[in-house]
Amino acid sequence: MKSMKTLLIHTSALAYSALALACCLLPACGKNKSVAAFSTDWENDRGKSIRAVFEQVHGAKLPVGASLALGVTRSGLVARSLDGKESWSYKHALDSRPTIATDVVVGEGGGSVFCLDAHTGHELWTTSAKGLHLRGAGDDGTYTAVSLGALDVTQNLLLVVNRRGSVVFDTAPKLPIGTPAVLGGIAFVPWGGQYVSAIDIDQGNEAGRLLSRSEVSHAINIGGDLYFGEHGLIRFDEKIADAANDPKRFITLPPRQLPGNPQWMLPGSRVTPAVAAALDKVRFYARPNAGGTGVESTRFAASYFRLAMGFDSTAANLTWVHESNDDYLAAAAARGGFAFCDASGKVSFFGAAAGEDAGSISLGTPLLACVVQASDFTVASNKQPARMFDQLKQAVTLDAPQLVTAQRFLLGEISKINNPDVTEVLIQLASHPRTAPALLEDARTLLAARRDGADFMLDALKSHYDFLANIVTTPPVGPLADALAAMKEQRAASLLADHLNDPADSADDVMRSAKALETLATPAEYSALKIFFTLYRAAASDRALEDAVISVAKALLTVGGDQGHEVVAFASRDKLTQKRVREGIARLLED
């Protein structure tokens, strides 16, 4: 009997041990954090667990956060609040781009991660980076979650640090993690491009998980609300369980091909260099509206090096454009407008609707990079915005080879405006000796399609190459000829006839002038037409000039009477006349 009791005790002990072991192998067990938090064995629960997490934390409030411009300099950081009232600096080595996380600034360099009060620059804590570099961070006023990594995507580290500087949670998942956020004792960590794990900081286990059907690498606090995403944003609210599969819950920007292919958010799983690069200078900027149903002010903005542009969020129509003397390194969408930070350290404010100038602040020193968080900052201005035409004219006429790609886009926008002054801008670009070749060609094409601004065109045709008078370019004769002929503008006839015999004009310009004179010429142009025809019927050196001679022959037959007919007829019989020209004018005579 005693041996039977002993056997039962041993059997019970073994069963208990097996049960305990099985428990510890489950994803949610105790402190087995790396497996629990980022398990690849997770099965889609259709939003059940992430809904439960929302119910758990929805009573907690995220701070709105500091409205701050943060600049990277050669010695460390400089910062100034967007209202201009607070400013500070901090000296520290930087090996990656710092980030503003609600009310703190997190940076990394020299082997350590540091956290500063965003309002004062006071150091809150510092800890080892363990040989990795900062990707991003989130903060809720109690905890700071920090994502670190390297070029090798298998090197990842998540730290959660309290205000005393104690690391209360750390794990090193094998898959790349993105920019985290913290709310109500839960760290929200994007990873694998499609998941957001909600990690209970105290327990170290995964309390829930979101599966997103769109790319997700950011968990971000925007004005006190939590969002997940990368190419667009999903709001963390009572409908989060359905958000991943409901396109209406996904806030995106309307598709439009823009210069440089800007992105709204760069991947949160990459380490961003401390010094700004081209990807930082070509970006989209937007923020969700108060209800998380669309874009604030129905506007988003884009940067392209020295240019800032505004668009409506319905059809992506251009609404305004501004230029700077220096490249824009970063920006943020505020309430009612945008804050753009450039390489000189200037932060400019533009109204959302029409881009009206709403003032500026300065960080006081040139910058290597910049980070802006607008939080609850409101852009307000009483200034009247400049006309859209004036904004575009200023941008497209900048002498800046780096901006040509964007200027070509803006040139297409200005050509849509029904205003004769647009014609003058196109003529200016098509005539200026420093206009980039691609932009010049676009200007010529758009000019040929204009049907207004005839007076500007006629004035341009009065100009001829004259080195002594410092006129070193010819006007865009060919496009002007096309446009004036389409407008039946007979005042252009004598001016175009003069350009026929100008040796500075290109063969293409001469050919198009001659084509226009087929319909615009009058007897007053007979002499100029005859001179050109006589000189080139036997000496045309290319196809364009041959076509020009045939067009002038047609004009001579139209306006020259019997005398013009005899000149053309003689050329058709003369063996010195080039064969193609002779055949062409013979057909004219037959007609």
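Everything quoted here is computed from the prediction, not taken from an experiment.

Taken in spatial order, the 4 strands make up an open sheet running β24-β25-β26-β27, and their pairing is antiparallel. With partners counted over all chains shown, the strands left at the sheet margins are β24 (328-334) and β27 (357-362), one partner each. On average, each strand axis in the sheet is tilted by 20° relative to the strand beside it, whichever way the strands run. Here 5 bridges tie strand β25 (residues 337-342) to strand β26 (residues 346-351), and the two strands are oriented antiparallel to one another. From the neighbouring strand, F340 faces β26, where its bridge partner is S348.

A separate point is the pairing of strand β13 (residues 186-191). Within β13, 6 of the 6 residues are buried, which leaves the element mostly enclosed by the surrounding structure. Of the two faces of β13, the one lined by I186, F188 and P190 and the one lined by A187, V189 and W191 are each fully buried. Pairing of strand β12 (residues 181-183) with β13 involves 3 bridges; the strand directions are antiparallel. By the bridge assignment, V182 is partnered in β13 with A187.

A few words on the side chain of D342. Inspection of the secondary structure puts D342 in strand β25. Looking at D342, its side chain comes within polar contact range of the side chain of S344, at 2.5 Å. Apart from residues lying up to four places away in sequence, D342 is in contact with S324, D326, D327, Y328, L329 and L367.

Attention shifts here to the environment of G453. Inspection of the secondary structure assignment puts G453 in the loop between α9 (437-448) and α10 (454-461). Classification of G453 as buried rests on a relative accessible area of 9%. If we skip the residues at most four places from it in the chain, G453 touches P420 and T423.

Here we take up the state of the cysteines. Enumeration according to the criterion identifies 1 disulfide in this entry. Between the sulfur of C341 and that of C370 lies a disulfide, 2.3 Å long from S to S. On the S-S bond that ties C341 to C370, the torsion sits near 100°, and the link is right-handed. With C341 in strand β25 and C370 in strand β28 (residues 369-373), the pair connects residues that are 29 residues apart, well separated along the chain.

On to the pairing of strand β8 (residues 133-139), then. Of all 7 residues in β8, 6 are buried; the element is thus mostly enclosed. Pairing of β8 with strand β9 (residues 143-149) involves 6 bridges; the strand directions are antiparallel. The residue bridging A137 from the neighbouring strand is V146, located in β9. Between β8 and β9, which pair antiparallel in sequence order, lie 3 residues; one of them, G141, sits at a positive phi of approximately 95°.

The periodicity of an α-helix, 3.6 residues per turn, causes residues three or four places apart in sequence to face the same way. Here helix α13 (residues 507-520) is 14 residues long and its end C-alpha atoms lie 19 Å apart, about the 20 Å a rise of 1.5 Å per residue gives. Among all positions in α13, only D509, V510, R512, S513, A514, A516, L517, E518 and L520 are buried. Those residues of α13 hidden inside the fold are in contact with α9, α11 (477-486), α12 (493-500), α14 (526-536) and α15 (543-559).

A separate point is empty space enclosed by the protein. Throughout the structure, instances matching the rule amount to 2 cavities of 30 Å³ or more. Considering the residues around the largest cavity, the lining is formed by 45 residues, among which T99, I220, R283, V371 and V372 are closest to the centre. Among the secondary structure elements, those contributing two or more residues to the lining of the largest cavity are β4 (99-101), β8, β16 (216-222), β20 (282-285), β24 and β28. Per-class residue counts for the lining of the largest cavity are 26 nonpolar, 12 polar and 7 charged. Estimates place the volume of the second largest cavity at around 30 Å³. Looking at the second largest cavity, the residues that line it are R287, E296, S297, R299, A333, A334, G336, G337, F338 and A352. If you list the elements that add at least two residues to the lining of the second largest cavity, you get β24 and β25.

The rules we used
Residues numbered from 1 in each chain as written. Predicted model: local features only at pLDDT ≥ 70, side-chain atom pairs only at ≥ 80, totals over all residues. Heavy atoms only, no water. Pairing = 2+ DSSP bridges. Helix = DSSP H or I, 4+ residues; strand = E, 2+ residues; numbered from the N terminus. Axes fitted to C-alpha atoms, helices over the stretch in contact; angles between N-to-C directions. Buried < 20%, exposed > 50% of the residue type's maximum accessible area, 1.4 Å probe, protein only. Polar contact = N/O pair within 3.5 Å; in protein donor to acceptor, adjacent residues only side chain to side chain. Contact = heavy atoms within 4.5 Å. Disulfide = S-S within 2.5 Å. Expected span 1.5 Å × (residues − 1). 1 Å grid on protein atoms, 1.4 Å probe; cavity = no way out; pocket = protein on both sides within 12 Å on 5 of 7 lines; lining within 4 Å. Points joined across faces, edges and corners; volume = space filled by probe spheres on them. Nonpolar A, V, L, I, M, F, W, Y, C, P; charged D, E, K, R; others polar.

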